[in-house]
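# Examining the three-dimensional arrangement
Each chain, letter by letter, is given below.
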Amino acid sequence: ETAGSPTKLKIPKNTIGLGTCCVTGKECYDRVLEGLALGYRVIDTATHYENEAEVGEALDEGLRRGYLKAEEAFVISKVWFDDMGYEKAL
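Structure report, in brief. (Residues numbered from 1 in each chain as written. Predicted model: local features only at pLDDT ≥ 70, side-chain atom pairs only at ≥ 80, totals over all residues. Heavy atoms only, no water.)

### Here's the deal with the overall build of the protein
Spelled out, the test is: Every helix listed is a DSSP run of H or I at least four residues long, and every strand listed is a run of E at least two residues long, numbered separately from the N terminus. The reference for a compact globule is 2.2 Å times residues^0.38; the radius of gyration itself is calculated from the C-alpha atoms. Note on classification: 1.4 Å probe, protein chains only; a residue is buried when its accessible area is under 20% of the maximum for its type, exposed when over 50%, partly exposed between these limits. Pairs of residues are marked as contacts when any of their non-hydrogen atoms sit within 4.5 Å. Only the protein chains shown count as cover for residues, and all accessible areas are computed by the Shrake-Rupley method using a 1.4 Å probe. Counted as positive: Lys and Arg. Counted as negative: Asp and Glu, with His and the chain ends omitted from the count. Where a charge sits is defined by one atom per residue type, namely NZ (Lys), CZ (Arg), CG (Asp) or CD (Glu).
What the protein contains, in helices and strands, is 3 helices and 5 strands. Reading the protein from its N end, one meets helices and strands in the order β-β-β-α-β-α-β-α. Computed over C-alpha atoms, the radius of gyration of the protein comes to 14 Å, within 12% of the 12 Å expected from 2.2 N^0.38 for 90 residues, which places it in the range of a compact globule. Principal-axis analysis of the C-alpha atoms places the extent of the protein at approximately 35 × 35 × 20 Å. The burial tally for the protein puts 26% of its 90 residues in the buried class. By sequence separation, contacts in the protein at least 24 residues apart represent 64% of the contacts at least 6 residues apart. Surface accessibility of the protein: about 6400 Å² in total, with carbon and sulfur atoms responsible for 55%. Of the side chains in the protein, 11 bear a positive and 16 a negative charge, and the two mean positions are spaced by 7 Å.

### A closer look at the sheet that holds strand β5 (residues 74-76)
Spelled out, the test is: Criterion used throughout: strands pair if DSSP finds at least two bridges between them. Axes, fitted as lines to C-alpha atoms, cover a helix only where it is in contact. Angles between the N-to-C directions of the axes lie from 0 to 180 degrees.
Strand order in this open sheet of 3 strands is β3-β4-β5, and the pairing throughout is parallel. Strands with a single pairing partner mark the edges of an open sheet, and in this sheet they are β3 (17-19) and β5. The average angle at which neighbouring strand axes cross in this sheet is 20 degrees, direction not considered. Looking at chain direction, β3 and strand β4 (residues 42-44) are connected through 3 bridges and run parallel. Counted as the bridge partner of Leu18 is Ile43 from β4.

Shown next as C-alpha cells:
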C-alpha cells in the first residue's frame, strides 16, 4: 500500500523518514548516509536548514554504494516563508 499525493509518486505506507533539521556539513552527510544504509528511504530537508547539498551528496553516495535504488528514494523539502510564491520558489 502507498500514501501520497495525487501524482504518480507514492511513498510506501509505514515508511519512516529521516529528519535533517539542525544538522549541517559532514555530520548531516554522515547521518543521511548511515540512515540510507539502515533502510531509511524518506529524507526530510528544507532550504532553511542549509543542508540540501549534503543531503544530495549522501544520497548520491548511497546510490553508488548500492544502499538503495533511485526509485526508492524520496526527498521532502519545504519552502521558507520569505521564499513563498512561484518565482521565489524556483
